[in-house]
Amino acid sequence: MAGKVFLQMENISMTFPGIKALNNVRLDVREGEVHALMGENGAGKSTLIKILSGVQKPDVGSKILVDGKEVEFSGVSDSIKHGINAIHQDLSLFPNLSVAENIYLGRSKNGKVNWKECTKIAEEAIEVLGITMDVQEQLSNLSIAKQQLVAIARAISFKSRLLIMDEPTATLSFSEVRMLYSIIEKLKKQNIAILFISHKLDEVFEVSDRVTVLKDGEYVGCKDIKELDENRLVQMMVGRSVAYKALNDVSYAGNKILEVKNLSKRGNFKDISFALHKGEILALTGLVGAGRSETVKALFGLNPPDSGEIYLNGKKIDIKNVSQAIHNKIAFIPEDRHEEGLILAMSMKDNITLPILKRILTPLRFINRKEVDKSAENYVEKLSIRPSQINKLARNFSGGNQQKIAVAKWLITKPDILIIDEPTHGVDIASKTEIHKLLKELAKEGMAIIMVSSEWQEVFALSDRVLVMRHGRIVHEDNTATGNQDLMMEKAILGGN
Amino acid sequence: MKKILEKRETGVFLILLLLCFGLSLYSPSFLSYTNIKNVLVNSVPVGIMAAGMTIVLITAGIDVSVASQMMFSATWLAIFSQNSPIANPVTVLILALVLGAITGAINGFLIAAFSIPPIIITLGTASIYRGIILVYTNGRWIMNIPKWFTALGKTYYNIPLPIIYAIIIFMITAWILKHTYFGRSVYAVGGNENAARYVGVNIKKTIFLTYFYSGLLCGFAGFVLDAILGNCQPSGSNGWEMNAIAAAVIGGTNILGGSGSVIGTVIGVAMMGVIENGLVVAHIPTYWQKLVYGLIIIATVTFDVLRRNYADSKKQMIEIDQEA
């Protein structure tokens, strides 16, 4: 099975002003293998990929060998020439162009576009994947999963020998992930190597042959996947073992705080009824597109329902817009925290205190800056946001810390009900554990939490009760601790009966 | 057929037809050959600039210096044609393109090399180009452009030459957008700049070429303007950059970049010409023009945004199981 070595990277260092992002890192990839690249956020994975795909140039002394010959990548086209293609996490496609052109773009350097060739290349590439697709369709009309296949087809069409997949499953549903795995298998058979970047351990164990682990810009090691188990891998990544599970102590459910009856919205969800108690974490799970986010958005006034009733502490309330939701002490932390949650050009303290500015005015209606500093510092400590400089711009924090800032921003409103959509989407394992702990603590303090999550591990580790949604309906409800976990997953995928 | 109906351009074209139909009922002279010809010929300079503007807008840029670039070219051409012994149709045309290339290249270089927002650079250069010709001419009109020059703007065998120029420019621009690597890069850069970088598109070069091309067309528009008018007012054509932008936007070019077409812009230009003329035909004081322009721009763009939002909302629908 072990093919010959296709790519070797040796002594790779990368220095940015003031930071050494990579220090003497190495990586070798064999033909036809799936090689996982792992590490926490900030470990240097992205930088390494950028070097490998020609986006960034490493420091002098770094060596890259393809087929044993030393090469230099001075641009993206160089690495493509050597058969290395990256599929970036955001797919880096053009929504406004057709499938065919998305696959074709970047060729025809002599200035003219040959549309016949464009269609031909695209159709061939799609065929290699063993799928069918209308290549003249505009990309933005396709689902994310299909768009990803287009990105893969694009990479293959360049006679790729190494595909870099950056978190390919992050936005896919279960069945789509299955389809991706089968395509990876096909590519392996054609002797194409895959560098697989993922935060999800179970995936790495399922698809990869070998793993290279980075930590803080340093090379930790490269192991055959068979030599590892989850704990050992996590240990390599964080340098200590993290108690990932076992947060599931018995929590007490208090009074019923929220009750939803027969909530429906055409094309979104139907007959949604459930209750939420103080101090409870209620998980709302199911496949992507099951209507989970739409449902919680309805509770926050972002997606008002057509019919149905919402009761808060036994009183019927209307939530037609966000300010009514906030007034009723409901907070919502959206999935896309960078895009929807933060104003990157503002300081951390201004971001955190934005939702409560109206509450901390001086008698003359000016903003009480002292109060701003105090509140911000309070939450920086509570969530251990690093670095703890409250005047630093949000832009200058790492991804994990930006997410914490976004969370702090909503906690500061002291909500009774916290709705959080995919709390740890794209977060490294250490931050994930911290966020889980935080949610658990908040629940203990009496906050009622609704968590939307596609990760079963997270659902089982964190929640007290689970609601499974499928095709816009709640198809299953159970206690997490006592319920049958296999049954829950089955319901999500297969639905009723 | 369905594809044609779904296209944004078709909708605007239908509105245009409706408008023409209404105006012809109101005043039969609207549909006369002379009137139609006047509408079209008067729209040519803005139309040529709008073609370049379309490309600029697709990259998510903007060029508010086009009217100044056109007048920069027109003024020097008028002076050159009156005073130079080597002035003839060929040298004038070459000079027009050279002048446009210079002003466009300066814009493109400043925007691409230093990544400065294009609206700032072109606001600045608009003022500079205009300032240079105003200083040189003291703001005086240049009258009596030679006969051989204005002959290039006349009508022969019922075919007005300026319209031929415009058609050639539109065809070249459409061809560039559809069939050249540069043209497709324009859509790529405007649609997703990062993705464009990752597929090896040279972003800076593409952006430079965009403003360079826009400048070239402005230079040519100056040539056509002199030929049509027979005189040159260095302080004239104020606000035409807005007409060029409006024409492109009415024709469906996304001001945020990524999409747009020359055919749409052509329809947009015709629409603006017809509205202007329609007000005259309908004996509405010309002072109403600006107001009506503004309303039409806002109405068409609002309609387009609503249409897109509607399409998006349909996409997000979830299939609900009918049985629980």
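Nothing here was measured: the structure is a model prediction, and the numbers come from that model.

Next up on the list: the overall build of chain B. Along its length, chain B carries 14 helices and two strands. Compactness check: chain B gives a C-alpha radius of gyration of 21 Å against a globular reference of 20 Å for 324 residues, within 12% of the reference. With the principal axes as the frame, chain B shows a C-alpha extent of 90 × 55 × 35 Å. Residue burial in chain B is summarised as follows: out of 324 residues, 45% are buried. A separation threshold of at least 6 residues defines the contact pool for chain B, and within that pool the share at least 24 residues apart is 79%.

Our focus in this paragraph is the overall build of chain A. Helix and strand counts for chain A stand at 17 helices and 20 strands. In terms of overall dimensions, chain A is globule-like: its C-alpha atoms have a radius of gyration of 24 Å, near the 23 Å expected for 497 residues. Considered along the principal axes of its C-alpha atoms, chain A spans approximately 70 × 55 × 50 Å. Scored against the burial criterion, the 497 residues of chain A give a buried share of 45%. For chain A, the proportion of contacts with a sequence separation of at least 24, taken over those separated by at least 6, is 68%.

Our focus in this paragraph is the sheet that holds strand 19 (residues 465–470) of chain A. All names here are of chain A. Strand order across the open sheet formed by six strands is 16-17-18-13-19-20, with mixed pairing between neighbours. Either end of the sheet is taken by a strand with one partner, and the two such strands are strand 16 (330–333) and strand 20 (473–479). Across the sheet, the mean angle from the axis of one strand to that of its neighbour is 15 degrees, orientation sign disregarded. Pairing geometry for strand 16 and strand 17 (residues 417–421), over four bridges, is parallel. Directly across from Ile 333, in strand 17, lies its bridge partner Ile 420.

So, about the sheet that holds strand 11 (residues 256–265) of chain A. Residues and elements named next belong to chain A. Pairing is antiparallel in the open sheet, where four strands are placed in the order 12-11-14-15. Only two strands of the sheet have a single partner each, and these edge strands are strand 12 (269–277) and strand 15 (315–317). Going from strand to strand, the sheet's axes swing by 20 degrees on average, the running direction of each strand aside. Bridging between strand 14 (residues 307–312) and strand 15 involves three bridges; their strand directions are antiparallel. When the bridges of strand 15 are listed, Ile 310 appears paired with Ile 317.

Before going further, it helps to spend a moment on the pairing of strand 18 (residues 448–452) of chain A. Residues and elements named next belong to chain A. The buried count for strand 18 comes to five of five residues, which makes it a mostly enclosed element. Of the two faces of strand 18, both are covered, the one formed by Ala 448, Ile 450 and Val 452 as well as the one formed by Ile 449 and Met 451. Two strands pair when backbone bridges link them, and strand 13 (residues 281–286) and strand 18 are joined in this way by four bridges, in the parallel orientation. Looking across to strand 18, one finds that Leu 282 is bridged to Ile 450. Two strands pair when backbone bridges link them, and strand 17 and strand 18 are joined in this way by five bridges, in the parallel orientation. Considered in strand 18, the bridge of Ile 419 is made with Ile 450.

Turning our eyes to something else, we now look at the confidence of the model for chain B. All names here are of chain B. When pLDDT is averaged along chain B, the result is 86; 93% of the residues meet or exceed 70. Taken element by element, chain B is modelled with least confidence in helix 1 (residues 2–6), mean pLDDT 56, and with most confidence in helix 11 (residues 203–229), mean pLDDT 94. Model confidence for the complex: the whole-complex pTM is 0.72, and ipTM, which rates the interface, is 0.70.

Walk down a regular strand and you will see the side chains alternate between the two sheet faces. Residues and elements named next belong to chain A. Counting buried residues along strand 8 (residues 193–197), five of its five residues qualify, which places the element largely inside the surrounding structure. Examined bridge by bridge, strand 7 (residues 162–166) and strand 8 share five bridges and lie parallel to one another. Paired with Leu 162 across the strands is Ala 193, a residue of strand 8.

Okay, the packing of helix 3 (residues 33–58) of chain B against helix 11 of chain B next. All names here are of chain B. Remark: helix 3 packs on helix 11, axes separated minimally by 8 Å, with the N-to-C direction vectors making an angle of 175 degrees. The orientation of helix 3 relative to helix 11 falls into the category roughly antiparallel. Across from Val 41, Val 44, Pro 45, Ile 48, Met 49, Ala 51, Gly 52, Met 53, Ile 55 and Val 56 in helix 3, the residues of helix 11 making contact are Thr 210, Tyr 211, Tyr 213, Ser 214, Leu 217, Cys 218, Phe 220, Ala 221, Val 224, Leu 225 and Ile 228. Counted by class, the contact of helix 3 with helix 11 contains 18 nonpolar, three polar and no charged residues.

Before going further, it helps to spend a moment on the interface of chain B and chain A. In this complex, chain B contributes 24 residues to the contact, which on the side of chain A involves 31 residues. Taken together, the elements giving at least two residues each to the side of chain B that touches chain A come down to helix 9 (181–191) and helix 10 (193–198) of chain B. Tallying contributions element by element places helix 9 of chain B first for the side of chain B that touches chain A, with six residues. Among the residues making up the side of chain B that touches chain A, the classes are represented as 12 nonpolar, eight polar and four charged.

In this section: the domain arrangement of chain A. Its domain assignment divides chain A into domain 1 (5–238) and domain 2 (256–494). On a C-alpha basis, the centroid separation for the pair domain 1 of chain A and domain 2 of chain A is 33 Å.

For the rest of this paragraph, the subject is the nonpolar core. Formed by 162 residues in total, the largest nonpolar core has its most connected members in A:Ala122, A:Ile194, B:Ile48, B:Met49, B:Leu217 and B:Ala244. Tallying contributions element by element places helix 11 of chain B first for this core, with 15 residues. Contact partners of B:Leu217, with chain neighbours within four places excluded, come to B:Ile48, B:Met49, B:Ala51, B:Gly52, B:Gly100 and B:Ile169. Grouped together as the second largest cluster of nonpolar side chains are 63 residues, A:Leu282, A:Val372, A:Phe460 and A:Met469 included.

Moving on, we get to the confidence of the model for chain A. Within chain A, residue pLDDT values average 82, and 92% of them lie at 70 or more. Across chain A, strand 18 of chain A holds the top mean pLDDT of 93, while helix 11 (residues 337–341) of chain A sits lowest at 66.

Looking now at helix 1 (residues 45–52) of chain A. All names here are of chain A. Counting buried residues along helix 1, seven of its eight residues qualify, which places the element largely inside the surrounding structure. Considered for burial, the residues of helix 1 that qualify are Lys 45, Ser 46, Thr 47, Leu 48, Ile 49, Ile 51 and Leu 52. Looking one or two residues past helix 1, Gly 54 carries a phi angle of roughly 80 degrees, positive in sign.

We now examine the packing of helix 4 (residues 66–83) of chain B against helix 6 (residues 118–137) of chain B. All names here are of chain B. At a minimum axis separation of 8 Å, helix 4 and helix 6 run at an interaxial angle of 30 degrees. As far as their axial angle goes, helix 6 and helix 4 are roughly parallel. Between helix 4 and helix 6 lies a crossing of left-handed hand. Contacts from Ser 68, Gln 69, Met 71, Phe 72 and Thr 75 of helix 4 reach helix 6 at Ala 126, Tyr 129, Arg 130, Ile 132, Ile 133 and Thr 137.

Rules of the game
Residues numbered from 1 in each chain as written. Chains lettered and ligands numbered in written order. Predicted model: local features only at pLDDT ≥ 70, side-chain atom pairs only at ≥ 80, totals over all residues. Helix = DSSP H or I, 4+ residues; strand = E, 2+ residues; numbered from the N terminus. Rg over C-alpha atoms; globule rule 2.2 N^0.38 Å. Buried ≥ 20, exposed ≤ 12 C-beta atoms within 10 Å, placed from the backbone. Contact = placed C-beta atoms within 7 Å. Pairing = 2+ DSSP bridges. Axes fitted to C-alpha atoms, helices over the stretch in contact; angles between N-to-C directions. pLDDT = per-residue confidence, 0-100. Parallel < 35°, antiparallel > 145°, perpendicular 65-115°, else oblique. Nonpolar A, V, L, I, M, F, W, Y, C, P; charged D, E, K, R; others polar. Domains from an automatic or database assignment. Core = buried A, V, L, I, M, F, W, Y, C linked by C-beta atoms within 7 Å. Left-handed = near helix turned anticlockwise from the far one by under 90°.

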